[in-house]
Amino acid sequence: MQLLTAPLQREKRFYRMTVKPLISSLFGVCLLTTVQANASEPRLKTVLSQSAFEVEAKVRDNDVPEIDFIYGLFQRGYYLTAISFATPLAEKGDATAQTFLGEMNRLGLGIEQNMELAFSWYKLGADYGNREAAFQVAIHYLEGLGTEKNKEKAAEYFGIAADKDHVLALYN
């Protein structure tokens, strides 16, 4: 646990000192580009005219598409920040965010690896129609990761993923 504390403190400090103040400018540039490209989109014009705090609140309230923003944080290695944005979205029923949290728990990125929690997030994502989540649920059932082995349920979820054209599921 001691090893996780130092990176956590560094990431929190980085977020407080760098990311949070820049959210409005970085996000504003993206919105400005989008508004210029899509001048007929009134919702984006409204968001662009908001203050930085209101933009961040809208991101957190899912008024603005945010899974790409979360994935960008993930790609840059800001795992805890990505998780903090993804969790409320996943709790609202977003299958992609649920699958993302399953992946973070399975790999142990930014948080302690937890196969049971990964399985539960993947299961939620699969129930909401995410094909990658369905594939991961099948793998977890097949190998007994975070749940008991169950070849029948694994076959069922491989079928669900294959029906949604998941390439690897088509071959299982």
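Analysis parameters
Residues numbered from 1 in each chain as written. Predicted model: local features only at pLDDT ≥ 70, side-chain atom pairs only at ≥ 80, totals over all residues. Heavy atoms only, no water. Patch = residues over 30% accessible without salt bridge, like charges linked within 9 Å, V, L, I, M, F, W, Y side chains within 5 Å. Areas by Shrake-Rupley, 256 points an atom, 1.4 Å probe, with all protein chains shown as cover. Salt bridge = Lys/Arg side-chain N within 4 Å of Asp/Glu carboxyl O. Helix = DSSP H or I, 4+ residues; strand = E, 2+ residues; numbered from the N terminus. Buried < 20%, exposed > 50% of the residue type's maximum accessible area, 1.4 Å probe, protein only. Contact = heavy atoms within 4.5 Å. Core = buried A, V, L, I, M, F, W, Y, C linked by side-chain atoms within 4.5 Å. Arc of directions from axis to C-beta.

**Section: a nonpolar patch on the surface**
Here's step 1: Where nonpolar side chains cluster on the molecular surface, the patch consists of Val167, Leu170 and Tyr171 and spans about 380 Å² of accessible area.
Here's step 2: Its place among the elements puts Val167 in helix H10 (residues 167-170).
Here's step 3: A relative accessible area of 54% places Val167 in the exposed class.

**Focus on the environment of Gly110**
Here's step 1: In this fold, Gly110 is placed in the loop between helix H6 (95-107) and helix H7 (115-127).
Here's step 2: Put simply, Gly110 and Leu80 are 30 residues apart on the chain and 5.5 Å apart in space, counted from C-alpha to C-alpha.
Here's step 3: Once you skip the residues sitting within four places of it in the chain, Gly110 turns out to touch Tyr79 and Leu80.

**Notes on the nonpolar core**
Here's step 1: Ala126, Phe135, Val137, Tyr141, Tyr157, Phe158 and Ala169 are the most contacted members of the largest nonpolar core, which totals 17 residues.
Here's step 2: Sorting the residues of this core by element identifies H7, helix H8 (131-143) and helix H9 (151-163) as the ones contributing at least two each.
Here's step 3: Top contributing element to this core by residue count: H8, with seven residues.
Here's step 4: Discounting chain neighbours no more than four positions away, the residues touching Phe158 are Phe135, Ala138, Ile139, Leu142, Ala169 and Asn172.
Here's step 5: With 13 residues, the next largest nonpolar core counts Leu89, Ala90, Ala97 and Phe100 among its residues.

**Some remarks on helix H4 (residues 67-75)**
Here's step 1: Along H4, the residues classified as buried are Ile70, Gly72 and Leu73. An end-on view of H4 places all buried positions within 155 degrees of arc, on one side of the element. Turned more than 90 degrees off the buried face of H4, the exposed positions are Asp68 and Gln75.
Here's step 2: Residues of H4 that are buried make contact with helix H5 (79-91) and H6.
Here's step 3: A positive backbone phi angle near 90 degrees is found at Gly77, which sits one or two residues after H4.

**Overview of the pattern of salt bridges**
Here's step 1: Scanning the entire structure with this criterion turns up two salt bridges.
Here's step 2: One salt bridge in this structure joins Asp127 and Lys123, with 3.7 Å as the shortest N-O distance. One end of the pair is Asp127 and the other is Lys123, both in helix H7 and four residues apart, which spans about a single turn.
Here's step 3: Taking relative accessible area as the criterion, Lys123 reaches 23% and is therefore assigned partly exposed.

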